[in-house]
Structure formats: C-alpha cells, structure tokens
Amino acid sequence: VQLQASGGGLVQPGGSLRLSCAAHGFTFSTNGMRWYRQAPGKQREFVAHINNDGRTNYADSVKGRFAISRDNAKNTVDLQMNSLKSEDAGVYYCNVWLGVKDYWGQGTQVTVSS
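Report follows, based on the coordinates. (Residues numbered from 1 in each chain as written. Predicted model: local features only at pLDDT ≥ 70, side-chain atom pairs only at ≥ 80, totals over all residues. Heavy atoms only, no water.)

To continue, consider the overall build of the chain. When helices and strands are tallied, the chain shows zero helices and eleven strands. Each helix (α) and strand (β) of the chain, taken in turn from the N terminus, gives the series β-β-β-β-β-β-β-β-β-β-β. Computed over the C-alpha atoms, the radius of gyration of the chain is 13 Å, within 12% of the 13 Å expected from 2.2 N^0.38 for a compact globule of 114 residues. Its C-alpha atoms give the chain principal-axis dimensions of roughly 40 × 25 × 25 Å. Nonlocal contacts in the chain, meaning residues at least 24 apart in sequence, comprise 52% of its contacts between residues at least 6 apart. When the accessible surface of the chain is totalled, it reaches about 6000 Å², and 45% of it is carbon and sulfur. (Helix = DSSP H or I, 4+ residues; strand = E, 2+ residues; numbered from the N terminus. Rg over C-alpha atoms; globule rule 2.2 N^0.38 Å. Contact = heavy atoms within 4.5 Å. Areas by Shrake-Rupley, 256 points an atom, 1.4 Å probe, with all protein chains shown as cover.)

Glancing now at the nonpolar core. One finds Trp35, Leu79, Met81 and Tyr92 to be the most contacted residues of the largest nonpolar core, which totals 28 residues. Elements with a minimum of two residues in this core: β1 (2-6), β3 (17-24), β4 (33-38), β5 (45-50), β7 (66-71), β8 (76-81), β9 (90-97) and β11 (108-112). When residues of this core are assigned to their parent elements, the largest contribution, four residues, is made by β3. (Core = buried A, V, L, I, M, F, W, Y, C linked by side-chain atoms within 4.5 Å. Buried < 20%, exposed > 50% of the residue type's maximum accessible area, 1.4 Å probe, protein only.)

This next bit is on the pattern of salt bridges. Under the counting rule described, the total for this entry stands at six salt bridges. With its nearest N and O atoms 2.9 Å apart, the salt bridge here joins Asp88 to Arg37. One end of the pair, Asp88, is in the loop between β8 and β9; the other, Arg37, is in strand β4, and 51 residues separate them in sequence. Note on Asp88: relative accessible area 0%, which makes it buried. Classification of Arg37 by relative accessible area gives buried; the value is 5%. (Salt bridge = Lys/Arg side-chain N within 4 Å of Asp/Glu carboxyl O.)

Before going further, it helps to examine the environment of Arg44. Along the chain, Arg44 falls in the loop between β4 and β5. Assessed through its relative accessible area of 33%, Arg44 is described here as partly exposed. For the pair Arg44 and Ser6, spaced 38 residues apart in sequence, the C-alpha to C-alpha distance is 18 Å. Ignoring any residue separated from it by four or fewer positions in sequence, one finds Arg44 in contact with Tyr36, Arg37, Gln38, Tyr93 and Trp104. A polar contact of 3.5 Å, which involves the side chain of Arg44, links it to the side chain of Gln38. (Polar contact = N/O pair within 3.5 Å; in protein donor to acceptor, adjacent residues only side chain to side chain.)

As a further point, take the packing of aromatic side chains. Under the definition given, this model contains four aromatic pairs. Seen in terms of ring centroids, Phe26 and Phe28 are 6.3 Å apart; in terms of plane orientation they differ by 50°. Their pairing is tilted. Taking relative accessible area as the criterion, Phe26 reaches 15% and is therefore assigned buried. When the ring of Tyr93 is compared with that of Trp104, the centres are 6.4 Å apart and the planes differ by 90°; the resulting orientation is edge-to-face. Of this pair, Tyr93 sits in strand β9 while Trp104 sits in strand β10 (residues 102-104), and the two are eleven residues apart along the sequence. Grouping aromatic residues by their ring pairs yields a cluster made of Tyr36, Phe46, Tyr93 and Trp104. A cation sits over an aromatic face here: Arg44 above Tyr93, 3.8 Å from the ring centre. The ring of Phe28 has Arg70 sitting right over it, with the charged end atom 4.4 Å from the ring centre. (Phe/Tyr/Trp six-rings, centres within 6.5 Å; stacked < 30°, edge-to-face > 60°. Lys NZ or Arg CZ within 6 Å of the ring centre and 35° of its normal.)

Here's what the structure looks like:
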C-alpha cells in the first residue's frame, strides 16, 4: 500500500491550496479515505473523510472551507482548502484503514503565512 500526498506549499492567509493523494496497492474504490494534519508540537488531528460512496464529513474547524473529493478512476483523493488560516498550517497526511491496519502517506507541508 502506498499513499503519495502532494500539493502543499506556502500560501497567504485567506488563500487556497489543493492537496492530492495518489493511492496504490489496494482496492481504492471500496475504501473510505481520510485526511489528517499535524501542526508542530501538536497531535495529529482528523480533517476530513470521504466514504466509498462519496459521503463526506469534516472536522468542525474546517467545515465550510475545505472539501474532500475522490476520483475512483484515478485512485486519487483531493482536499480543496479555501480561506486558509494560520491555524491550518501543518503537515497533511492521507490515510486509509484497511480493516486491520492504518496506512499513512508521507505527508505534504502546508504553510500559511503573510
């Protein structure tokens, strides 16, 4: 199983970024996918989840600003992040739970600064 996250970078407060995670090594279309993030000195926290049927849920802190989506033909899950705040900064990880084990990508850094 491989999860390869990309799309991070430096953005000003109020700006937007789109993260993408490419998944390999499992049946993508039948599994829910998640994004987490970790800020320096803090625990990793849940950001967003999308079920195999497209249903989504979000952390309260990002509702209305972030949108998770998936493309089962490309085996990718994206996270569109709008109206970014300084507290959104951190390393973003994509994640899949395959029944007995969690799998994590390598993470992509998001920096929100003017």
